[in-house]
Amino acid sequence: MESLSPVIGQKAILQTINNTNHNHFLTSVTLRNLNRDCRRLRIRVVSKNGDAAGAGTAGGGIDSSDPDWKLKYQKEFEARFSIPHINDVFHDAVSYPSTFCLKMRTPITEKFAEGYPSDEKWHGYINNNDRVLLKVINYSSATSAGAECIDSNCSWVEQWVHRAGPREKIYFKPEEVKAAIVTCGGLCPGLNDVIRQIVITLEIYGVTRIVGIPFGYRGFSEEDLAEMPLSRKVVQNVHLSGGSLLGVSRGGPKVSDIVDSIQEGGINMLFVLGGNGTHAGANAIHDECRKRRIKVAVVGVPKTIDNDIMLMDKTFGFDTAVEEAQRAINSAYIEAHSAYRGIGIVKLMGRSSGFIAMQASLASGQIDICLIPEVPFNLHGPHGVLRHLKYLLETKGSAVVCAAEGAGQGFLEKTNAKDASGNAVLGDFGVYLQQEVKKYFKELGETADVKYIDPTYMIRACRANASDGILCTVLGQNAVHGAFAGYSGITVGICNTHYVYFPIPEVISKPRVVDPNSRMWHRCLTSTGQPDFI
Ligand SMILES: Nc1ncnc2c1ncn2[C@@H]1O[C@H](COP(=O)(O)OP(=O)(O)OP(=O)(O)O)[C@@H](O)[C@H]1O
Ligand SMILES: O=P(O)(O)OC[C@H]1O[C@](O)(CO)[C@@H](O)[C@@H]1O
Ligand SMILES: [Mg+2]
């Protein structure tokens, strides 16, 4: 735990929190004002593994000798995780009884001449004050594996986030909604499942104008790209194939041009499916809409096979990618195992996070060495990877290595190349490793039959498996519930198996990475039996 320095202005905030007389939760306006102030002051507590305590950024300046520090911390946390609502800007925004009613025989697609259908006795709604616990382990010490601590004693502090789901009051009349869906960044299994659920749920609320924006944010600006009308009929079977019905892209127009296009197109609900970059864009669109005082709900659905988004159990597509990677690993194992002194090398995606490589290694049980960007290693020398490969050939007769795309970048020449979104284009560590292994054994004058498999796009261009299919369904539905409830600048996620809404800035404060001190990484090491390569 790093020591905490006092932050100017912090006292004033805590004073405000203190003076706010609430036994339960602060009012949304107070929370949002505090949230903004805390962000401006960049208050943070950082745990020893670099994770900000309490999920990303945290209420720093904690004086643990203050008997009320926990309460203050919790209140500040509540402020940070409050979710923006359109009535923050439109104070006179009117709400209506929800049209989301599961007792209807058919989806509402007609005008609401006789008023909105609703069922007051149906207890299927989420209360706005419902919360989900973000952290569920009470670490007794900062030395516990994977501990994320707020104070030096690693005290237990409850951290609550907003429960997702349909609300009793909605802030949009369905017949006045024009909803748009956009998918950005790289492909990910489940994109079509999420698109499908968003469309189906919107129709259940009674929305008839639903469009897809083609090829990511670019679809907002390229003249030859027209909106794609969407309905239950159009999306009925899209989840049966991988990819995105709408297409994806990197790069694209400026945020102000996107918002111009939103305004011109009369869009007032925007569902954005993508990773960290896409969410940064979604948040900027939300901010710009507020600045222009246009009533638009911008809701994200985190998408990435890399699983590199903060605070959630996992992102959709990750499980499928791990499952698909099994085929490559199994082939590498069979090749290596059947060859005389065979070595199989598999490179898996994961630009800055090694989750796919770690989980795929764990799942397969066929990996001897797993290399990820978060854990440094040597190739050469007495403790290096190559020496261990030699040992494996001598003792087992074969070996299989799984390397994440972002691993070992320090061994490669830096290119400074960037993709259209500004992401660094990485060197190919898999190819480099293959060459180094061949060279090493050649110099030793020993046989090594090296087979290299790079299934890169195969693990993400497939359709979602059953567990991702369910995750996509719930996330897609909750995205629509969030928009109708009037929230904007939020994203949906799964947290300790429950579904929640997060303010976007909290989930994109940095990419999520594998904690080398986590139990999961330790389990991976136990499974592979690999030593420390340092
Ligand atoms: N800071 C930002 N502000 C506004 N837009 C952004 C920002 N960063 C990225 N974008 C836009 O978001 C889109 C997707 O970004 P990016 O290519 O980084 O993919 P991603 O959402 O991070 O997903 P992936 O996990 O596949 O990398 C691009 O169109 C890019 O222009
Ligand atoms: O080749 P593309 O489409 O830019 O995507 C590659 C990137 O996609 C990711 O899987 C993220 O979606 C990264 O791990 C990888 O670097
Ligand atoms: Mg990205």
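Residues numbered from 1 in each chain as written. Chains lettered and ligands numbered in written order. Predicted model: local features only at pLDDT ≥ 70, side-chain atom pairs only at ≥ 80, totals over all residues. Heavy atoms only, no water.

If you look the protein up in an unreviewed UniProt entry, it shows as ATP-dependent 6-phosphofructokinase from Capsicum annuum. Heading Subcellular location (unreviewed entry) of the UniProt record for the protein holds this comment: "Cytoplasm". The annotation that UniProt attaches to the protein under Catalytic activity (unreviewed entry) is "beta-D-fructose 6-phosphate + ATP = beta-D-fructose 1,6-bisphosphate + ADP + H(+)". (UniProt positions renumbered as here; feature names shortened; annotations may be inferred.)

## Concerning the site of ligand 2
In the vicinity of ligand 2, the contacting residues are Arg250, Ile305, Asp306, Met349, Gly350, Arg351, Glu405, Tyr457 and Arg460. Relative to its unbound accessible area of 400 Å², ligand 2 is 81% covered by the protein chains. Considering only residue class, the shell around ligand 2 consists of three nonpolar, one polar and five charged. Two domains each put at least three residues into the shell around ligand 2: domain 1 (79–111 + 124–314 + 464–511) and domain 2 (318–462). (Near = heavy atom within 4 Å. Areas by Shrake-Rupley, 256 points an atom, 1.4 Å probe, with all protein chains shown as cover. Nonpolar A, V, L, I, M, F, W, Y, C, P; charged D, E, K, R; others polar. Domains from an automatic or database assignment.)

## What to know about the UniProt feature "binding site: Mg(2+)" (unreviewed entry) in the protein
The residues that UniProt annotates with the feature "binding site: Mg(2+)" (unreviewed entry) are Asn276. Along the chain, the position of Asn276 falls in helix α7 (residues 276–291). Setting aside chain neighbours within four positions, we find Asn276 in contact with Asp308, Ile309, Val507, Ile508 and Pro511. (Helix = DSSP H or I, 4+ residues; strand = E, 2+ residues; numbered from the N terminus. Contact = heavy atoms within 4.5 Å.)

## Overview of the site of ligand 1
Taken together, 17 residues form the shell around ligand 1, and within it Gly186, Arg250, Gly251, Thr278 and Ser421 come nearest. Gly275 places a main-chain nitrogen or oxygen 2.8 Å from an oxygen atom of ligand 1. The protein chains hide 77% of the 630 Å² of surface that ligand 1 would expose on its own. In terms of residue count, α7 provides more of the shell around ligand 1 than any other element does, five residues in total. Along the lines of polarity and charge, the residues of the shell around ligand 1 split into two nonpolar, twelve polar and three charged. Three or more residues apiece are contributed to the shell around ligand 1 by two domains, here domain 1 (79–111 + 124–314 + 464–511) and domain 2 (318–462). (Polar contact = N/O pair within 3.5 Å; in protein donor to acceptor, adjacent residues only side chain to side chain.)

## Considering the pairing of strand β14 (residues 490–495)
For β14, the tally of buried residues reaches six of six residues, placing the bulk of the element in the interior. Both faces of β14 are covered, namely the face carrying Ile490, Val492 and Ile494 and the face carrying Thr491, Gly493 and Cys495. Taken together, the two bridges between strand β9 (residues 297–302) and β14 define a ladder with parallel strand orientation. In the strand pairing of β14, Val299 is matched with Ile490. As paired elements, β14 and strand β15 (residues 498–503) share six bridges and run antiparallel to each other. Looking at the pairing, Ile490 lines up with Pro503 of β15. (Buried < 20%, exposed > 50% of the residue type's maximum accessible area, 1.4 Å probe, protein only. Pairing = 2+ DSSP bridges.)

## A look at the pattern of salt bridges
By the definition in use, this model includes 23 salt bridges. In this structure, Arg80 and Glu506 form a salt bridge, with 3.1 Å as the shortest nitrogen-oxygen distance. With Arg80 in helix α3 (residues 69–80) and Glu506 in helix α13 (residues 504–507), this pair connects stretches of sequence that are 426 residues apart. Relative accessible area serves as the criterion here: at 3%, Arg80 is assigned to the buried category. Using a relative accessible area of 1% as the deciding quantity, one classes Glu506 as buried. Salt-bridge contacts for Arg341 lead to Glu446; the nearest nitrogen and oxygen are separated by 2.9 Å. With Arg341 in the loop between α8 (318–338) and β10 (342–348) and Glu446 in the loop between α11 (429–444) and β13 (449–453), this residue pair connects regions lying 105 residues apart in the sequence. Among the residues examined, Arg341 registers a relative accessible area of 12% and is labelled buried. Taken together, the shared-partner salt bridges connect Asp260, Glu288, Lys291 and Arg292 into one network. (Salt bridge = Lys/Arg side-chain N within 4 Å of Asp/Glu carboxyl O.)

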